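# Structural characterization, general
What follows is each chain in one-letter form.
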Amino acid sequence: MKRLVVVSNRVADLTKTAQAGGLAVGLADSLRQRGGVWMGWDGQTLKYEEEPEPRIRKIGEVIQATIPLTEQDYAEYYLGFANSVLWPLFHYRLDLVEYKTAFLEGYRRVNAKFANALVSTLQPDDLIWIHDYHLIPLAAELRQRGCKQRIGFFLHIPFPPPEILAAVPRHRWLVECLLKFDVVGFQTQTDLNNLLRYVEDHLGCELLPDGRVKTRERVVIAGCYPIGIDVDSFVAMAEQPNDEVQIETKRREILGRRQIIGVDRLDYTKGLPDRLRAFARLLEMYPEMRKSVALMQIATPTREEVEAYIDIRKELEALSGEINGRFADFNWTPVRYIHGTVPREALAALYRASQVGFVTPLRDGMNLVAKEYVAAQSMDNPGVLVLSKFAGAAEEMHEALIVNPYDVDDMARNLCRALTMPLDERQDRQRALMDRIRKHDAANWLNSFMAALEKGEIRREED
Ligand code: GDG
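Keep in mind that this is a model prediction, so the values were computed, not measured.

A separate point is the overall build of the chain. Assigned secondary structure in the chain consists of 16 helices and 16 strands. For the chain, the spread of C-alpha atoms along the three principal axes comes to 65 × 45 × 40 Å. Per-residue burial for the chain yields a buried fraction of 60% across its 463 residues. When contacts within the chain are restricted to residue pairs at least 6 apart in sequence, long-range pairs at least 24 apart make up 77% of them.

In structure tokens, the structure reads:
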């Protein structure tokens, strides 16, 4: 078996078995089994003139290679081009893009640093798999350094339509960089179609009947590989009794109250303000729901140095205060807003104890929370997933109640429908959703991408 070399902005902590997020778990498991290399930034910022050698650690069969960045790299590459240009742009938020030439320079510089660090560790037969928007130019940098290995790329976030992409300077260069990979993977058919439209209209590439893209120099596999979760391990976690959650659930049961749950990184793409407004609208439109339901919103802090993230935090704190001020009673708090991180086991138990999973991003690559919520439900009495049509997950999870995250009334109506749905309908939907998330689980994601990278296999849509 060929050695797998994974590169991502940050590396997962392989000494821990329980990690947050499907990417870390899926990749860590696979790397542990087949052995390989994982390279990324170590999270440190240091002052240095000459690029330091990567720090190598061997954990079981996995070699971890990490490099530090300078303060300037962190500001221009990470906070700058990656998170103030590409993140908002790829989520269709042109209004939040803050472009500076220095950001682009920092982005190219750090990708060159990654290439320098990586090239010395590579073997001729390696398969290289690069992850996410931070590292789009990395294949181009590696090719310049003579790399002939097969290199794949997976984009975890959406890929925007050409009309939006064209708003950022050097958009053509970005897409040309993508075409230096052998395999380019997206979460959904919509993202893939956006790329295909760009390469055909702006770069004059030929789209071959089998789905590959022919450029002047090479043929690239562009495909859709929806990411999934490790369903069984999540089911097992949700079935583990969690004392604190159980006590809280009993209390709610005695009072005859239901719970709606939202779990997100505190990001402006996740549609949190309108989610809270939709909950308030539910209480307005259906007064009988007052005191019989509460919203628990867990919002995990993230990228707190970027201006737009400071704004969204303030907005949410004000909104939850406002809703509670307006509707709360001495013995009922409608919104429980938690600005923090909850342990993964508690999260699974909370999903299971909630009658509605409320997932309403304005735009999302996939959204693993939607899949985790379904995996955590019991078949005896499952909850209902209310899901934004703009989450990548909506392309597969048709049996959720699909909503428009910009339409507060639509969300409120669907919350009411979820809270009053008969048991047999909930069970039918749960069965179908479970089948779907099992079919598109973490192992399937990994194997289908690896088949393309290793053997050049092309994924058919019905796979
Ligand atoms: C990107 C794309 C794509 C959240 N809060 C806590 C916590 N989490 C965990 C969730 C879930 C993960 O973090 C979030 O994953 P998502 O997929 O929902 O969203 P992003 O972080 O934006 O991920 C996304 C994903 O990459 C994978 O390709 O699906 O579209 O944006 O696993 O459970 N975990 C714990 N405590 C928390 O408070 N333990």
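This paragraph deals with the site of the ligand. Close contacts around the ligand come from 24 residues, with H156, V342, D364, L368 and E372 the closest. Between G365 and the ligand, the recorded distance is 3.0 Å, taken from a backbone N or O atom to an oxygen atom. Every element with two or more residues in the shell around the ligand is listed here: β11 (258–265), β12 (293–300), α12 (344–352) and α13 (368–376). Residues of the shell around the ligand, tallied by class, amount to 11 nonpolar, 8 polar and 5 charged. In this structure, the shell around the ligand is formed jointly by two domains, domain 1 (4–186 + 188–224) and domain 2 (231–439), each of which donates at least three residues.

If you walk through the whole model with that rule in mind, you get 19 aromatic pairs. Note on F90 and F159: the rings are 5.6 Å apart at their centroids and 70° apart in plane angle, and the pair reads as edge-to-face. A residue pair is termed long-range when its members are at least 10 positions apart, and F90 in helix α2 (residues 71–90) and F159 in the loop between β6 (150–154) and α5 (162–165) qualify at 69 residues. Between W129 and W445, the aromatic rings sit 5.1 Å apart at their centres with planes inclined by 45°, giving tilted as the arrangement. Here the residue W129 occupies a position in strand β5 (residues 127–131), and W445 occupies one in helix α16 (residues 442–455), the gap between them amounting to 316 residues. In this structure, W129 and W445 share a single accessibility class: buried. Site record: aromatic cluster; members linked through ring pairs are W129, F154, Y225, W445 and F449. For the cation-ring pair, R10 lies above W41, with the distance from its terminal atom to the ring centre recorded as 5.4 Å. One cation-aromatic arrangement involves R363 over Y92; the distance from NZ or CZ to the ring centre is 3.8 Å.

To continue, consider the nonpolar core. Of all hydrophobic cores here, the largest spans 107 residues; its most connected members are V7, F114, I130, I260 and L282. The leading source of residues in this core is α2, at 11 residues. Excluding its chain neighbours within four sequence positions, the residues that come into contact with L282 are I260, M289, V293, A412, L415, C416 and L419. Within the second largest apolar cluster, 60 residues are counted, among which are V6, V62, M366 and V369.

Glancing now at helix α11 (residues 307–327). Between the first and last C-alpha of α11 there are 31 Å, a value that for 21 residues agrees with the 30 Å anticipated at 1.5 Å per step. Taken together, the buried positions of α11 are occupied by A308, Y309, I312, L316, L319, S320, I323, N324 and F327. Buried residues of α11, seen end-on, are gathered within an arc of 125° and therefore sit on one face of the element. In α11, the exposed positions angled more than 90 degrees off the buried face are occupied by K314, E322 and G325. Elements in contact with the buried residues of α11: α2, α10 (272–285) and β13 (335–339).

The subject of this paragraph is the pattern of salt bridges. Applying the stated criterion across every chain, the model contains 34 salt bridges. The salt bridge partner of E217 is K180, with a shortest N-O separation of 3.4 Å. Taken together, the residues E217 in the loop between β9 (212–214) and β10 (219–224) and K180 in the loop between α6 (171–178) and β7 (183–186) connect sequence positions 37 residues apart. Among the residues examined, K180 registers a relative accessible area of 26% and is labelled partly exposed. Ionic pairing is found between R275 and D264, a salt bridge with its closest N-O pair at 2.7 Å. One end of the pair, R275, is in helix α10; the other, D264, is in strand β11, and 11 residues separate them in sequence.

The next point concerns the sheet that holds strand β14 (residues 356–359). Read across the open sheet, the 6 strands follow the order β13-β12-β11-β14-β15-β16; overall the sheet is parallel. Of all the strands in the sheet, the pair left with one neighbour each is β13 and β16 (401–403). Taken over all neighbouring pairs, the strand axes of this sheet differ in orientation by 20° on average, direction set aside. Where β11 and β14 come together, 2 bridges link them in parallel fashion. Looking at β14, one finds that I260 is bridged to V356. The sheet strands contacting α12 are β11 and β12, and the helix crosses β11 at an angle near 140°. Taken strand by strand, α13 contacts β11, β14 and β15 (384–388), and its axis lies near 170° from that of β15.

Quick look at the environment of L423 now. Of note, L423 is situated in helix α15 (residues 423–439). In sequence terms L423 and H91 are 332 residues apart; their C-alpha atoms lie 36 Å from each other. If we skip the residues at most four places from it in the chain, L423 touches D380, N381 and P382.

Next up on the list: the sheet that holds β6. The pairing of strands in a sheet comes from backbone hydrogen bonds and takes either a parallel or an antiparallel form. Taken in spatial order, the 10 strands of this open sheet run β3-β4-β2-β1-β5-β6-β7-β10-β9-β8, and their pairing is mixed. Since the sheet does not close on itself, it has two edges, and those belong to β3 (55–59) and β8 (206–207), each with one partner. In terms of strand pairing, strand β1 (residues 4–10) meets strand β2 (residues 36–45) through 5 bridges, oriented parallel. Looking at the pairing, V7 lines up with M39 of β2.

In the Ramachandran plot, Y92 falls in the positive-phi region, its phi being about 65° despite a non-glycine side chain. Looking at where Y92 falls in the secondary structure, it is placed in the loop between α2 and α3 (101–119). Phi at R303 takes a positive value of approximately 40°, unusual for a residue other than glycine. Take R303: it is sitting in the loop between β12 and α11. Assessed through its relative accessible area of 15%, R303 is described here as buried.

What counts as what
- Residues numbered from 1 in each chain as written.
- Predicted model: local features only at pLDDT ≥ 70, side-chain atom pairs only at ≥ 80, totals over all residues.
- Heavy atoms only, no water.
- Helix = DSSP H or I, 4+ residues; strand = E, 2+ residues; numbered from the N terminus.
- Buried < 20%, exposed > 50% of the residue type's maximum accessible area, 1.4 Å probe, protein only.
- Contact = heavy atoms within 4.5 Å.
- Near = heavy atom within 4 Å.
- Polar contact = N/O pair within 3.5 Å; in protein donor to acceptor, adjacent residues only side chain to side chain.
- Nonpolar A, V, L, I, M, F, W, Y, C, P; charged D, E, K, R; others polar.
- Domains from an automatic or database assignment.
- Phe/Tyr/Trp six-rings, centres within 6.5 Å; stacked < 30°, edge-to-face > 60°.
- Lys NZ or Arg CZ within 6 Å of the ring centre and 35° of its normal.
- Core = buried A, V, L, I, M, F, W, Y, C linked by side-chain atoms within 4.5 Å.
- Expected span 1.5 Å × (residues − 1).
- Arc of directions from axis to C-beta.
- Salt bridge = Lys/Arg side-chain N within 4 Å of Asp/Glu carboxyl O.
- Pairing = 2+ DSSP bridges.
- Axes fitted to C-alpha atoms, helices over the stretch in contact; angles between N-to-C directions.

Read these as layout, nothing more, since geometry by itself doesn't imply function.
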